[in-house]
Each structure stands twice: as structure tokens, then as C-alpha cells.
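# Architecture and fold: a report
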Amino acid sequence: MTIKFAAIGLNHSHIYGQVNLLLREGAELVAFHSPEDDLAAQFAEKFPQAKRVADRRAILEDASIPLVLTAAILNERAAISIEAMRHGKDVMSDKPGMTSLAQLAEIKEVQAETGRIYSVCYSEHFETPATVKAGELVKAGAIGQVINTVGLGPHAIRNNQRPDWFFDRKRYGGILTDIGSHQCEQFLFFSGTDTEAEVISATVNNRGNPDTPGLQDVGDMHLRTPNTTGYVRVDWFTPAGLPTWGDGRLTILGTEGYIELRKYIDIAGRPGTDHLFLVDGKGVQQVDCSGVELPYGRQLITDVLNRTETAMPQVRAFKAMELALTAQAMAERGTVWAQ
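We now turn to the structure provided with this report. Along each chain, the written sequence defines residue order, and numbers are assigned to residues from 1. Where local features are concerned, this predicted model is filtered to residues with pLDDT of at least 70; where side-chain atom pairs are given and counted, the filter is 80 or more; whole-chain, interface and lining totals use all residues. No hydrogens and no water enter the side-chain calculation; it runs on all heavy atoms of the structure.

## Some thoughts on unusual backbone geometry
Inclusion rule: In this description a helix means any DSSP run of H or I spanning at least four residues, a strand means any run of E spanning at least two, and both kinds are numbered starting from the N terminus.
Put simply, K95 and P96 share a cis peptide bond, and its omega is -10 degrees. Assignment of secondary structure puts P96 in the loop between β5 (90–94) and α5 (101–114). Phi angles above zero are rare outside glycine, and D274 is one such case at about 60 degrees. Mapped onto the secondary structure, D274 falls in the loop between β12 (257–262) and β13 (275–280). Residues other than glycine seldom take positive phi values, yet R307 does so here, at roughly 60 degrees. Turning to its location among the elements, R307 is positioned in the loop between α11 (296–306) and α12 (314–332).

Next up, the structure:
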């Protein structure tokens, strides 16, 4: 059994990954809405099976479509998700799902009222085989009890390819809200809690892009649960010489060993992506992640059909965004970006 789904808002290229992870599992993309002709043309070329609709109500009022995807401009995602849930649709939003704590509160209220699934596609976890494999190893006890994580999320800014909204704080929500939310979800996942976590400290700044003062090009945060601590740094300083969009890394420290992920590139020269290194009492090993199944798409389809909660606990989807948004607000106090 499978489902039909549609997309509303194509402003971030993550929408292609969101669509593909469902298509891989047999779901059927039937429609999309985008007011931007250029984005719509690119999407239609990639997915000719989907009908472009001029009014998103054509999707929202179609009872045969149970799931709506969105990768709209970041501060517009919450309203789209709320409208979809109120029309009886489940939602898969690109991260971040929203750009303010007020939007988060409204989404939580509507989700509770409607009973719909509200999922955020944290792709640095769900679409990254090395991260999925690390989760399997931690669950199996490979490094003992997790006590600390360090997540590094550098990204390439590529100014000539970025739309104006990317540099507008009110529209993109701040660096910790945006790319930092990936790291918050992974911190919760590897800490083994979906609720008991808090922000200790956070900072943001514009260190190297004075011509775009709305941009926060670096940020960090310190997190903790009753049993773990975590440090996160995200930035837009990936050098042009790196042959990919960012050198994402994650280190997971346990009481009996540690795991380090080089997710997208090994700068020492090993080819490919998803490099996982495990260090324990027996020695050092590199773990091949090439055959790791990515279960998120399959699980989400099952959840939509069966009203289950296997792809991601609903509370974690919300808590990850709560941490990112709280860190963002903490970091901006007394700055030009304070909201």
C-alpha cells in the first residue's frame, strides 16, 4: 500500500530530497503549488508526473491526498503546515519547521487539535546513511552510554545562488533556527531523550559578510540533558576549494568508546560520503555505511496509513525546534537581530 502526496512551496532545494525519499518507497507525487514560475518549471521538469495547480486549495481540498510537503520560504512554512493540518492533511516540512516560538506554539496546538502527523525532515539525520548507522551502533551499545556530542555543520554560502530572503533575518529565522535545528534533533536522538533537554548558552554573529548585515554567518550553542551535554557550531564559511557544500561532522562520545562521522567528505582523501569511524576497547575501525537502509520515508508512509508514530516521535519534532528557537532567542538578546 502507498499514498498520494503533493508539495506546496518549493523555495528550498531540499524539496527534491523530500519528494525523492517518498518516491523511493512507492508513493505517488500528484500535484504541486508554487507561485514562482522559475521554481515551478524546474520542479515540473524533474517530476513531470505532478500537476501544477494555481491555487493551493486544489491540493488542500483534495481528499485523495493525505500528505503535504513544504519547503517554502522559512517563515512561511508554519502557516502552510497549519492550513494543511486543518484540512485533514499530514505534513512533512523541511527544516526548520517554523521561525519563532509563537509559530511553534500554534503548530503544536493545531497538531493536538487535529491529530495530524507533523514531521520535520531533518535530512542530516534521516537522509544520511552514516548518521542512521551511528544510531544503530549506539542502540546496540557499541560505545556504552552516550555522554556528549559535538555537531559541526559548516555550509557553503554561494552568494550568487542565494535568493534575497536568505539574507533577511525575519524570513530565514536566524542561523541556529535554520541549520542549527538539524543538530538539535541529532543531539536529542543520540542523548536518548525527546523531552528533557535545555539550552545552556548560545551565540550568533556576522563575522565575514558586512555587505549582508541581515545574515548570521556563524553560531553556536551548548545543550544538556540529565545525562549528556552537547556542543553545536554552524557556519557559512566553507571554502570554495571544498568540492562539496559542507564538511559536516558529528562526534558521539560514550562511556566505552566514541564514534566520529565525516558525513559528506573525507578531506584526508577517501572517496565518497558517509565515513564512520568507531573507536572502542578493541581498537579503531572504519564502518562501511554504503548499504545502510534509510527508513524515514517508508516509516512515514506507514504512519500516514496506520496512524502510528515510527518515523520520528512527534514530541522530538517539536523539541528539536524548541531548542533551536530558544538558542536563537538567547543568542540575539542585545544584538541588532533581536526579535
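Still more ground to cover, so stick around.
## Quick look at the sheet that holds strand β3 (residues 51–52)
Applied cut-off: Any two strands are treated as partners once DSSP identifies two or more bridges connecting them. It only takes one pair of heavy atoms within 4.5 Å for two residues to be counted as in contact. Fitted lines through C-alpha atoms give the axes, limited to the stretch in contact for helices. The angle between two N-to-C directions lies from 0 to 180 degrees.
Taken together, the six strands give an open sheet; going across it, the order is β3-β2-β1-β4-β5-β6, and neighbouring strands pair in parallel fashion. What marks the edges here is a single partner per strand, and that holds for β3 and β6 (118–121). Docked against the sheet, helix α1 (residues 14–23) engages β1 (4–8), β2 (28–33), β4 (67–70), β5 and β6, running at close to 150 degrees with respect to β4.

## Some remarks on the side chain of S191
With respect to the helices and strands, the residue S191 is situated in helix α10 (residues 180–191). Setting aside residues no more than four positions away along its own chain, S191 makes contact with T225 and T228.

## Things to note about the sheet that holds strand β14 (residues 283–288)
Read from one edge to the other, the open sheet built from eight strands follows the order β8-β9-β10-β7-β11-β12-β13-β14, with strand pairing classed as mixed. Here the strands that pair on one side only, and so sit at the sheet edges, are β8 (198–205) and β14. Each adjacent strand pair in this sheet contributes to an overall mean axis angle of 10 degrees, direction not counted. Here strand β7 (residues 146–154) runs beside strand β11 (residues 249–254); their pairing, made up of six bridges, is antiparallel. Bridge pairing in β11 places L152 opposite R249.

## Looking at the nonpolar core
Note the cut-off: By nonpolar core we mean a set of buried residues, namely Ala, Val, Leu, Ile, Met, Phe, Trp, Tyr and Cys, connected to one another through side-chain atoms within 4.5 Å. A simple rule labels every residue: compare its accessible area, found with a 1.4 Å probe on the protein chains alone, to the largest value its type can have, and call it buried under 20%, exposed over 50%, or partly exposed in between.
The biggest cluster of nonpolar side chains holds 85 residues, and the ones touching the most others in it are L22, F43, L69 and L176. Considering each element in turn, this core owes the most residues, nine residues, to α12. Residue contacts for L69: discarding those within four places in its chain leaves F5, A6, A7, I8, I15, Q18, V19, L22 and M92. By size, the runner-up hydrophobic cluster in this structure holds 18 residues, among which are I252, I259, L276 and V292.

## Here we look at the environment of L294
Inspection of the secondary structure assignment puts L294 in the loop between β14 and α11. L294 sits 163 residues away from T131 along the chain, and the two C-alpha atoms are 9.9 Å apart. Every residue in contact with L294, bar those within four places of it in the chain, is listed here: R24, E25, F126, E127, T128, P129 and V132.

## Remarks on a nonpolar patch on the surface
Defined as follows: A residue counts toward a patch only above 30% relative accessible area and without a salt bridge, and it is joined to like-charged neighbours within 9 Å or, for Val, Leu, Ile, Met, Phe, Trp and Tyr, to nonpolar neighbours within 5 Å. The accessible surface values rely on the Shrake-Rupley method and a 1.4 Å probe; as for residues, cover is taken only from the protein chains in view. Salt bridges are counted wherever a side-chain nitrogen of Lys or Arg sits within 4 Å of a carboxyl oxygen of Asp or Glu.
Taken together, the side chains of I147, L253 and Y258 make up a nonpolar region of the molecular surface, amounting to roughly 230 Å² of accessible area. Within the fold, L253 resides in strand β11.

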